[in-house]
Amino acid sequence: MGKLAVNIPWSGGEFRLNNPVLAASGTFGYGVEFASYGPLEALGGLVTKGLSLRPMPGNPMPRIAETPCGMLNSIGLQNCGLERFMREYLPRLPRNGPKIIANIYARNLADFSELAATLSRAPGVAALEVNISCPNVEAGGLLFGQEARAAAGVTAAVKKFSGDLPVLVKLTPNVTDITEIARACADAGADMLSCINTLSGMGVDVRSRRFLLARRIGGLSGAAVKPVALRCVWQVAQAVSIPVIGVGGIYTAEDILEFILVGAWAVQIGTANFSRPDRIFALPAELSALMDELDIASCAAFRGTLA
Ligand SMILES: Cc1cc2nc3c(=O)[nH]c(=O)nc-3n(C[C@H](O)[C@H](O)[C@H](O)COP(=O)(O)O)c2cc1C
């Protein structure tokens, strides 16, 4: 499957993926939980659940609700904290094969810097993905991702302490102009951009007259958001020269090719992992077969070739 290999250029060299299929943050646990559904080695990489310096309990329940073509969540970045991740989960992830990308979240620049510094020395971590786009927390999250100067500040702080690791910054679609934030992050030193996090959304129940989520507003993901994600990836890929990773409503090999066509170097599979946790492992082979059918020689040859 050599044609699936992707070499993503960044300031420190090339970020090499065996294939462009990654698991998205928050939908794949810390990776090890999905090992019983298929070989993690089949993936190009996986992004961990968002990690904070200290454990976080997340928001009150209910914090997940199904929608006609996707889901709403307000998990609120529940996670085991950096130290436990490094002690319990990281050593159980494969070393040679899928790239392990640590997704990080903090309320302030000092904590972002500490997360980056510690993870940059953690054996097995291949990259950092900075979450400045979570709609489900009181502090940090969207507050960093909706304002260009704040987004640049977080990017620069993480970049300063990230050592030899490439830094991906994950953008929110909940802004007027995503390219403004993208440019600010690129100028501040981001090596890649992940587009997109969830869209701000809400659900209600006419029988109980209640909000579906305890926190009322949450993030929409799944098939419903794919057109928004495609638009964002396309716009951002035009606006910056650093590579873009596509995420949002991707379920099939054809979805993956759509994102590569509009300019993505790789993609992340999120909500699809909840309905079919085994599905992601088949996607690289399905992508390869579809590329053969469509006479596509390599991901690089197809990327950004939208007429
Ligand atoms: C339950 C849930 C938890 C998530 N947690 C995180 C997270 O911790 N950090 C993050 O950057 N994105 C998180 N996301 C966003 C996803 O990684 C992804 O960007 C988004 O869901 C869009 O992709 P999808 O439609 O394929 O799910 C979460 C999404 C869901 C549904």
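It should be noted that the structure appears before, not after, this text.
All values reported here derive from a predicted model rather than from experimental measurement. (Residues numbered from 1 in each chain as written. Predicted model: local features only at pLDDT ≥ 70, side-chain atom pairs only at ≥ 80, totals over all residues. Heavy atoms only, no water.)

Engineer: So what's going on with the overall build of the chain? Which residues, and what values?
Structural biologist: Summing up its helical and strand segments, the chain has ten helices and 16 strands in all. Its C-alpha atoms give the chain a radius of gyration of 18 Å, within 12% of the compact-globule value 19 Å for 307 residues. Its C-alpha atoms put the chain at 50 × 45 × 40 Å along the principal axes. Relative to its 307 residues, the chain shows a buried fraction of 57%. A sequence separation of at least 24 residues applies to 71% of the contacts in the chain between residues at least 6 apart. (Helix = DSSP H or I, 4+ residues; strand = E, 2+ residues; numbered from the N terminus. Rg over C-alpha atoms; globule rule 2.2 N^0.38 Å. Buried < 20%, exposed > 50% of the residue type's maximum accessible area, 1.4 Å probe, protein only. Contact = heavy atoms within 4.5 Å.)

Engineer: Go over the packing of aromatic side chains with me, naming the residues and quoting the values.
Structural biologist: For the structure on display, the rule yields six aromatic pairs. Centroid distance Phe28 to Phe34: 4.2 Å. Interplanar angle 25°. Geometry classified as stacked. Of the two residues examined, Phe28 and Phe34, each falls in the buried class. Ring centres of Phe34 and Tyr37 lie 5.8 Å apart, and the angle between their planes is 50°; this geometry places the pair in the tilted category. Classification of Phe34 by relative accessible area gives buried; the value is 11%. Take Tyr37: its relative accessible area is 44%, and that puts it in the partly exposed class. (Phe/Tyr/Trp six-rings, centres within 6.5 Å; stacked < 30°, edge-to-face > 60°.)

Engineer: Please set out the site of the ligand residue by residue, giving values where relevant.
Structural biologist: Contacts to the ligand come from 24 residues, most closely from Ser25, Lys170, Gly222, Gly249 and Thr271. Taking Lys170, its side chain carries an N or O atom lying 2.7 Å from an oxygen atom of the ligand. Gly270 is positioned with one of its backbone polar atoms (N or O) 3.1 Å from an oxygen atom of the ligand. For the ligand, whose unbound accessible area comes to 610 Å², protein coverage reaches 97%. Among the detected pockets, the ligand sits in the largest pocket. For the shell around the ligand, the class distribution of residues is seven nonpolar, 15 polar and two charged. (Near = heavy atom within 4 Å. Polar contact = N/O pair within 3.5 Å; in protein donor to acceptor, adjacent residues only side chain to side chain. Areas by Shrake-Rupley, 256 points an atom, 1.4 Å probe, with all protein chains shown as cover. 1 Å grid on protein atoms, 1.4 Å probe; cavity = no way out; pocket = protein on both sides within 12 Å on 5 of 7 lines; lining within 4 Å. Sits in = over half its atoms within 2 Å of the grid points. Nonpolar A, V, L, I, M, F, W, Y, C, P; charged D, E, K, R; others polar.)

Engineer: Summarise the sheet that holds strand 16 (residues 266-269); cite the residues concerned and give the values.
Structural biologist: Around the barrel, eight strands lie side by side as 3-4-7-8-9-10-15-16; this closed barrel has parallel pairing. Here the average twist between neighbouring strands, direction ignored, is 25°. Running at roughly 175° to strand 15 (residues 244-247), helix 6 (residues 226-239) makes contact with strand 9 (167-171), strand 10 (192-195) and strand 15 of the sheet. (Pairing = 2+ DSSP bridges. Axes fitted to C-alpha atoms, helices over the stretch in contact; angles between N-to-C directions.)

Engineer: Tell me about unusual backbone geometry, residues and numbers included.
Structural biologist: For the bond from Met61 to Pro62, the omega torsion is 0°, close enough to zero to count as cis. Relative to the elements of secondary structure, Pro62 occurs in the loop between strand 4 (45-47) and strand 5 (64-67). Cys195 connects to Ile196 through a cis peptide bond whose omega is 20°. One non-glycine residue with positive phi stands out, namely Leu77, at about 60°. Turning to its location among the elements, Leu77 is positioned in the loop between strand 6 (70-73) and helix 1 (82-89).

Engineer: A description of the sheet that holds strand 5 should follow, citing residues and the corresponding values.
Structural biologist: Spatially, 5-6-14-11 is the arrangement adopted by the four strands of the open sheet, whose pairing is antiparallel. Two strands in the sheet have a free side with no partner beyond their single neighbour: strand 5 and strand 11 (199-202). If you compare each strand with its neighbour and ignore which way they point, the axes differ by 40° on average. Relative to strand 14 (residues 217-221), strand 6 is paired through three bridges, and the arrangement is antiparallel. Across the sheet, the residue bridging to Met71 is Ser221, located in strand 14.

Engineer: I'd like a description of the side chain of Ser113, backed by residues and values.
Structural biologist: Mapped onto the secondary structure, Ser113 falls in helix 2 (residues 109-120). Excluding residues that lie within four positions of it along the chain, Ser113 makes contacts with Ala157 and Phe161.

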